[in-house]
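Listed below are the residues making up each chain.
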Number of protein chains: 2
Amino acid sequence: MIKYAILGYGVVGGGVAEVMEEQKQKIAALVGEPVELKYILVRHNYPGDRFADRMVMNFSIIENDPEVKIVAEVIGGASAAYDYTKRALLAGKSVVSSNKELVAMHGAELCDIARKKGVNYLFEGSVGGGIPILRPLTQCLAANRIDEVFGILNGTTNYILTAMDEQGRSFGDALKTAQELGYAEADPTADVEGIDACRKTAILADLSFGYNMDPTKIPTSGITRVTEADLELAHALGYTVKLLGRAVRTPGGCCAFVEPHLVPMTHLLASVGGVMNACVVRGSAVGEVMFYGPGAGKRPTASAVAGDIVDAAQHQAFRKDTDLGRSGGILAPADDLLCRWYVRSPDDPDLVQSAFPGAVPVYGSSQECGFITELMDRKTLASKLAAVEAGAAYRVLE
Amino acid sequence: MIKYAILGYGVVGGGVAEVMEEQKQKIAALVGEPVELKYILVRHNYPGDRFADRMVMNFSIIENDPEVKIVAEVIGGASAAYDYTKRALLAGKSVVSSNKELVAMHGAELCDIARKKGVNYLFEGSVGGGIPILRPLTQCLAANRIDEVFGILNGTTNYILTAMDEQGRSFGDALKTAQELGYAEADPTADVEGIDACRKTAILADLSFGYNMDPTKIPTSGITRVTEADLELAHALGYTVKLLGRAVRTPGGCCAFVEPHLVPMTHLLASVGGVMNACVVRGSAVGEVMFYGPGAGKRPTASAVAGDIVDAAQHQAFRKDTDLGRSGGILAPADDLLCRWYVRSPDDPDLVQSAFPGAVPVYGSSQECGFITELMDRKTLASKLAAVEAGAAYRVLE
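Note on numbering: residues in each chain are counted from 1, in written sequence order. By the order in which they are written, chains take letters starting at A while ligands take numbers starting at 1. At least 70 in pLDDT is required for a residue's local features to be given in this predicted model, at least 80 for side-chain atom pairs to be given and counted, and no such filter applies to totals for whole chains, interfaces and linings, which use all residues. As a rule here, side-chain values come from all non-hydrogen atoms in the structure, and water together with hydrogens is ignored.

Residues and elements named next belong to chain A. Only C-alpha atoms enter the line fits that serve as axes; for helices the fit covers just the stretch in contact. Angles between N-to-C directions range over 0 to 180 degrees. Think of it this way: any DSSP run of H or I at least four residues long counts as a helix, any run of E at least two long counts as a strand, and we number them from the N terminus. As a packed pair, helix 7 (residues 155-167) and helix 11 (residues 228-237) sit with axes 9 Å apart at the nearest point and diverge in direction by 65°. Between helix 7 and helix 11, the angle is such that the two are roughly perpendicular. Between helix 7 and helix 11 lies a crossing whose hand is right-handed. Side by side, helix 7 and helix 11 meet where Leu161, Met164 and Asp165 of the first sit next to Glu228, Leu231 and His235 of the second. Each angle is binned into one of four classes, with values under 35 degrees roughly parallel, values over 145 roughly antiparallel, values of 65 to 115 roughly perpendicular, and all other values oblique. In a left-handed crossing the near helix is turned counterclockwise from the far helix by less than a right angle, and in a right-handed crossing that turn is clockwise. By definition, residues are in contact when any of their heavy atoms lie within 4.5 Å.

In structure tokens form, the structure reads like this:
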């Protein structure tokens, strides 16, 4: 019998208890013994709840109970969650988590403690919700040099962009619907400004390249300035607009950024709609693979957290493959990365073509045109845009 | 230092040696010690080959060398590969393989030997080539009841169907191009008749439901009778045609089959084109996730096999999660599975609608019409088709 505790009884915490209970026979068979919930750390009582008898309000009870071998942290944020995770690891318990903020900010330190204590810190649910991404990336693709990882890592912004794309709606209008449907928070900043995607990008970059990536240093721009015209012009050019988090290997280092991109309609990522997430990995041996599914939600996220509990119960020794990079990496400037760019401009074709020879501007229902540049870095683009007014300039995914 | 051997030096065998060599530093860091190629079992000499000094022609040398801890079997087929795999496992070596035929036919027995000897039999590369599928399915989704697994499991047939779809070509014409491009064998039977997809479906069904699935009992039909008209009519109805291998949980058992399906254009699977593969998993907690990538080829398949070598080097004890089912399962008749059906018919709309009330036939450039039925089992469909001539009847993916 292996006993575990859940820290936090919000949506995901409730989902973890539920899923673990539903599959307890299967899990016992996989682990070789039952895996049982001993405590749930709560901030108030839940009278009548099926797990009410296991609820505690003091973390020390869990910390000091040697019977508890695994702790699932689903509190979120980087304050109490950080404190409890550290104390649980130091007490020799494995910790599993879906807390991207904590993993992105303090994951390397927490992995370091786990390594020293010979336990595990696992966080499959921190990127892509229920989609298996981190294990496939680090284990199945272990024999690859990872060259790039990128994806649609935030469902709220993908819902908004899909609604703008398919229904010709404005950002504000689509955001309002997302809020009504519960896909966006009342304060949507963390989603629409790309902060949530940035944390996940930091985790992916770290696992891919072995560097400790500081999420606050990752250039991040969200989708608040994407217009209906951008979607319309993108379509006319053979693309759609997606917010991508990207981590790219560069000579001697790596760069990471979160920006709206033009994705070719021929790339499978362009067909990922609504709140779904998808993550593409480019590896030296495998080429390109993609993982797709629900990036958030009670049961999908619980699926990932519960999968980590099962893993921690099966393999109690520290796993090197999900270790986060300890050394600070050479974070190359994303601006140096060559790409083609989409530009939206109110200027006439002659002016556009004098600055961007060979560009073929297309028009939609607005007065503005859209065109795709040659390969260039951001500085070159900026110098050319001195002569052409740009309403938007987004990278094109190659 | 952990030493391994490769059995077979064809395309995949060469790829495995190459990929392991390229990533030897990364792999040594992950495993904690170098993983070194000691032998390659060959049938003739390769003078001047970089690994010529490690080639042997007698399997007993590998079998009797206690230094060899891991054997990568990439011979293919179920005769010599079966014999060598058994002997390697009995000699206490872990075996990794991309041999779907062998895994589908004898996997349960080989897993049983591995379990008894406390070693591993791993076969990530046997389904989906380089795409991580089996580990995500069995490990990341461990806390799910798997309800269904289905996918595009054969690149040759997907290439042919994509060419028929996008270029309006006939099956024979598209097959010829596939052969010229090296995507199809001179004798394409195993691919176009669905036999290859059937083996992979058996492996997926076994891992998903825990039953030992006999591939020879899985109803299998390929794509040789799919016509240009089917693709055209499917499009007019909002679908495309894909060859799917499906393993479905039923009350008290499961069923599995390989058949051409109409896939809604709104499902991501419809956008999987060319030689690419994709596998969808429906789980009780996660909902639907999909894994996409190259399902064959030298380096993609080598990526999977090498990933298994790394895993076997890291975890030398038997893994329960990739164990194949031992008990023969209740293989429910696929014919009982309710679905809607696409029917192509030369009959006129009145006749069609008298047999299938509510059907809305569409027309393309041929004389035939296509329509979608209500939900029904195959027997009901067959009874209705007594009154309507059908050129084709394929399941619709729900």
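A few words on the sheet that holds strand 2 (residues 35-41) of chain B. Residues and elements named next belong to chain B. Paired strands, in this sense, are two strands between which DSSP finds at least two bridges. One open sheet accounts for six strands, arranged 3-2-1-4-5-6; its pairing is parallel. Edge strands, defined here as strands with exactly one partner in the open sheet, are strand 3 (55-56) and strand 6 (121-122). Where strand 4 (residues 68-73) meets strand 5 (residues 94-97), four bridges bridge the pair, whose relative direction is parallel. Bridge assignment links Ile70 to a residue of strand 5, and that residue is Ser94. Those strands touched by helix 12 (residues 298-314) are strand 1 (2-7), strand 2, strand 4, strand 5 and strand 6, and its axis lies near 160° from that of strand 5.

Looking now at the layout of surface pockets. The space that makes up the largest pocket amounts to roughly 1300 Å³. For cavity detection a 1 Å grid was placed over the protein atoms alone, and a set of points counts as a cavity when a 1.4 Å probe fits there but cannot get out; an open set counts as a pocket when protein lies on both sides within 12 Å along at least five of seven lines, with lining residues being those that have an atom within 4 Å of a point. As for the largest pocket, its lining consists of 48 residues, and the residues nearest its centre are Val12(B), Ile75(B), Gly76(B), Lys100(B) and Glu185(B). Within the residue set of the lining of the largest pocket, elements represented by two or more residues are helix 1 (11-22), helix 4 (80-90), helix 5 (100-117), helix 7 (155-167), helix 9 (189-192), helix 10 (195-209), strand 10 (276-283) and helix 12 of chain B. Three classes are used, and their members are as follows: Ala, Val, Leu, Ile, Met, Phe, Trp, Tyr, Cys and Pro are nonpolar, Asp, Glu, Lys and Arg are charged, and the others, Gly among them, are polar. Across the lining of the largest pocket, the residue classes break down as 18 nonpolar, 19 polar and 11 charged. Grid points are joined across faces, edges and corners, and a volume is the space filled by probe spheres set on the points. Of the voids in this model, the second largest pocket is the one considered here, and its volume is about 1000 Å³. If you trace the second largest pocket, you find 40 residues lining it, with Lys100(A), Glu185(A), Asp196(A), Ala296(A) and Gly297(A) closest to the centre. Where the lining of the second largest pocket is concerned, the elements lending two or more residues are helix 1 (11-22), helix 5 (100-117), helix 7, helix 9 (189-192), helix 10 (195-209), strand 10 (276-283) and helix 12 (298-314) of chain A. The greatest single-element share of the lining of the second largest pocket, amounting to three residues, is contributed by helix 10 of chain A. Its residues placed into classes, the lining of the second largest pocket shows 13 nonpolar, 17 polar and 10 charged.

Once that is clear, we can look at the packing of aromatic side chains. Note on aromatic pairs: the rings of Phe, Tyr and Trp (six-membered ring only in Trp) are paired at centre separations within 6.5 Å, and the planes decide the class, stacked below 30 degrees, edge-to-face beyond 60, tilted for the rest. Under the criterion given, the structure shown has 13 aromatic pairs over all chains. Aromatic side chains Tyr121(B) and Phe123(B) sit 5.5 Å apart centroid to centroid with 50° between the ring planes, which places their arrangement in the tilted category. Per residue, the accessibility class of Tyr121(B) equals that of Phe123(B), and both read buried. Geometrically, the ring pair formed by Phe356(B) and Phe371(B) is tilted, given 5.0 Å between the ring centres and 55° between the ring planes. Taken together, the residues span a long stretch of sequence, with Phe356(B) in the loop between helix 13 (349-355) and strand 13 (362-363) and Phe371(B) in strand 14 (residues 369-372) at a distance of 15 residues. Both residues of the pair, Phe356(B) and Phe371(B), count as buried. Both a distance and an angle decide whether a charge sits over a ring: NZ of Lys or CZ of Arg must be within 6 Å of the ring centre and within 35 degrees of the ring normal. Above the plane of the ring of Phe257(A) lies Arg395(A), whose end atom (NZ or CZ) is 4.4 Å from the centre. Accessible area is worked out with a 1.4 Å probe on protein chains only. A residue is then buried under 20% of its type maximum, exposed over 50%, and partly exposed in between.

Before going further, it helps to spend a moment on the interface of chain B and chain A. In this complex, chain B contributes 46 residues to the contact, which on the side of chain A involves 46 residues. A quick way to say it: buried area is the sum, across both parts, of accessible area lost when two parts are put together, with a 1.4 Å probe. In this assembly, chain B packs against chain A so that about 3700 Å² is buried in total across both faces, 59% of it on carbon and sulfur atoms. By salt bridge we mean one thing: a side-chain nitrogen of Lys or Arg within 4 Å of a carboxyl oxygen of Asp or Glu. For the pair chain B and chain A, the interface holds zero salt bridges. Polar contact is defined as a pair of N or O atoms within 3.5 Å, subject to the rule that within protein one atom must be able to donate a hydrogen and the other to accept it, and that residues adjacent in sequence are counted only when both atoms are side-chain atoms. Here chain B is connected to chain A by 11 residue pairs in polar contact (both at pLDDT 80 or more). Counting only elements with at least two residues in the side of chain B that touches chain A, the list comes to helix 2 (24-31), helix 6 (134-140), strand 11 (287-294) and helix 12 of chain B. Taken together, the residues of the side of chain B that touches chain A sort by class into 25 nonpolar, 12 polar and nine charged. The pairing of strand 11 (residues 287-294) of chain A with strand 11 of chain B spans three bridges and is classified as antiparallel. Its bridge partner lying in strand 11 of chain B, Met290(A) is registered against Tyr292(B).

Here the focus is the sheet that holds strand 3 (residues 55-56) of chain A. Residue and element names in this part refer to chain A. Spatially, the six strands line up as an open sheet ordered 3-2-1-4-5-6, and their pairing is parallel. Edge positions in the sheet fall to strand 3 and strand 6 (121-122), since each of these pairs with one other strand and no more. As paired elements, strand 1 (residues 2-7) and strand 4 (residues 68-73) share five bridges and run parallel to each other. Within the sheet, the bridge partner assigned to Ala5 lies in strand 4 and is Val71. Together, strand 1 and strand 2 (35-41) form the strand contacts of helix 1, whose direction differs from that of strand 1 by roughly 155°.

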